[in-house]
Amino acid sequence: MLKEEVINVRRATMHDKINIAKLHHTVWKSTVGGFVDNTLFEKITRSFFIDKWQYWLIKKNKISLLAEKNNVLLGFTSFEIKTNNYPEIQFIYVAYKYRFYNLQKLLCDAVFKKVLKLGFAKIYFYIAKENKNDLTLYKLMKGYIGEKKRVSKIFGFKFCEIGYEFDLNLLKKKKNRGPSKICETNEPQLYSVRGDLGKRP
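So, a few notes on the structure that sits alongside this text. (Residues numbered from 1 in each chain as written. Predicted model: local features only at pLDDT ≥ 70, side-chain atom pairs only at ≥ 80, totals over all residues. Heavy atoms only, no water.)

## A word on the pairing of strand 7 (residues 157-167)
The two faces of the sheet receive side chains in turn, since in a regular strand these alternate between them.
Okay, step 1: Where burial is concerned, most of strand 7 is hidden: 9 out of the 11 residues are buried.
Okay, step 2: Inspection of the sheet shows strand 5 (residues 122-128) paired to strand 7 by 7 bridges, in the antiparallel sense. Across the sheet, residue Y124 finds its bridge partner in strand 7, namely E165.
Okay, step 3: With 10 bridges joining them, strand 6 (residues 144-154) and strand 7 adopt antiparallel strand pairing. Across the sheet, K153 pairs through a bridge with K158, a residue of strand 7. (Buried < 20%, exposed > 50% of the residue type's maximum accessible area, 1.4 Å probe, protein only. Helix = DSSP H or I, 4+ residues; strand = E, 2+ residues; numbered from the N terminus. Pairing = 2+ DSSP bridges.)

Structural data, given as structure tokens:
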């Protein structure tokens, strides 16, 4: 049988800035390394992410959640309320050893529940088209209704992203059949997530 683990998902604070920035830098490099110019890594250093998180954590229209076990950071996600009045997931990153586990899905579920609580009916998530594993994973999430494309740019480097649209009202009509269970608790610990960390099929 797969081992069951308890993972806490809570809202990130300024105290988490350094740890999140370190993990963000590490995982981002391994994620985009296959399709961006290596000179980009000279421009986007760990200090770049520390400065970004300093700003993101005080931005009023941006909410960041992190997953941890025994005070060890496992992964994180951020979503932002865009000008079209619908939230957009900016990214979901997890530590390398959990990359092919259910942790990404648990973080995505936590975002969906938070966005529903805020009163929104839809959310979008753009993923680089070269990131085949994540494109497959999130397309299977409950609420997926369609996709579109856009071109983004980082320091002059252009890349194509696939945007997934999720109808969160569909979540209310479907039972949660997965192994995870998310129970809301008091702040600052937003969720207590219990689910197996077995590898995805």
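## Thoughts on a nonpolar patch on the surface
Okay, step 1: A surface patch of nonpolar side chains, about 300 Å² in accessible area, is lined by M14, Y55 and I58.
Okay, step 2: You can call Y55 partly exposed: its relative accessible area is 45%. (Patch = residues over 30% accessible without salt bridge, like charges linked within 9 Å, V, L, I, M, F, W, Y side chains within 5 Å. Areas by Shrake-Rupley, 256 points an atom, 1.4 Å probe, with all protein chains shown as cover. Salt bridge = Lys/Arg side-chain N within 4 Å of Asp/Glu carboxyl O.)

## Concerning the packing of aromatic side chains
Okay, step 1: Per the counting criterion, the structure on display carries 14 aromatic pairs.
Okay, step 2: Centroid distance W56 to F91: 5.6 Å. Interplanar angle 50°. Geometry classified as tilted. Of this pair, W56 sits in helix 3 (residues 46-56) while F91 sits in strand 4 (residues 87-94), placing them 35 residues apart in sequence. Of the two residues, W56 and F91, both sit in the buried class.
Okay, step 3: Taken together, a centroid distance of 5.0 Å and an interplanar angle of 65° make the contact between F125 and Y138 edge-to-face. Separated by 13 residues along the polypeptide, F125 in strand 5 and Y138 in helix 5 (residues 132-139) bring together distant segments of the chain.
Okay, step 4: Given the relative accessible area of 4%, F125 is considered buried.
Okay, step 5: Taken together, the aromatic side chains of W53, W56, F76, F91 and Y93 make up a single cluster linked through ring pairs. (Phe/Tyr/Trp six-rings, centres within 6.5 Å; stacked < 30°, edge-to-face > 60°.)

## Some words on helix 4 (residues 103-117)
Okay, step 1: Over its 15 residues, helix 4 runs 21 Å from end to end, which matches the ideal 21 Å to within 8%, given 1.5 Å per residue.
Okay, step 2: When you tally the buried positions in helix 4, you get 11 out of 15 residues, the bulk of the element.
Okay, step 3: Among all positions of helix 4, only L103, Q104, L106, L107, C108, D109, A110, V111, F112, K114 and V115 are buried.
Okay, step 4: Immediately beyond the C-terminal end of helix 4, within one or two residues, lies G119, with a positive phi of roughly 95°. (Expected span 1.5 Å × (residues − 1).)

## Details of the environment of Q90
Okay, step 1: For Q90, the position within the fold is in strand 4.
Okay, step 2: Considered as a pair, Q90 and Y124 are 34 residues apart in the sequence and their alpha carbons are 8.9 Å apart.
Okay, step 3: Not counting chain neighbours up to four residues away, the residues in contact with Q90 comprise K62, S78, F79, E80 and K82.
Okay, step 4: At a separation of 3.3 Å, a polar atom in the side chain of Q90 contacts the side chain of K62. (Contact = heavy atoms within 4.5 Å. Polar contact = N/O pair within 3.5 Å; in protein donor to acceptor, adjacent residues only side chain to side chain.)

## So, the layout of surface pockets
Okay, step 1: Counted as a void, the largest pocket has a volume near 830 Å³.
Okay, step 2: Residue lining of the largest pocket: 33 residues in total, with Q90, F91, I154, F159 and E161 positioned closest to the centre.
Okay, step 3: Of all the elements in the fold, those that place two or more residues in the lining of the largest pocket are helix 1 (17-32), helix 3, strand 4, strand 5, helix 5, strand 6 and strand 7.
Okay, step 4: Take the lining of the largest pocket: its biggest share by element is 6 residues, from strand 4. (1 Å grid on protein atoms, 1.4 Å probe; cavity = no way out; pocket = protein on both sides within 12 Å on 5 of 7 lines; lining within 4 Å. Points joined across faces, edges and corners; volume = space filled by probe spheres on them.)

## Quick notes on the pattern of salt bridges
Okay, step 1: The tally for this structure, following the rule as stated, stands at 9 salt bridges.
Okay, step 2: Linking E68 and R10 is a salt bridge whose minimum nitrogen-to-oxygen distance equals 2.9 Å. In this pair, E68 sits in strand 2 (residues 62-69) while R10 sits in strand 1 (residues 4-11), placing the two residues 58 residues apart along the sequence.
Okay, step 3: Take E68: its relative accessible area is 12%, and that puts it in the buried class.
Okay, step 4: Residue R10 is classed as buried on the basis of its relative accessible area of 15%.
Okay, step 5: Within this structure, R10, D16 and E68 form a network of salt bridges that share partners.

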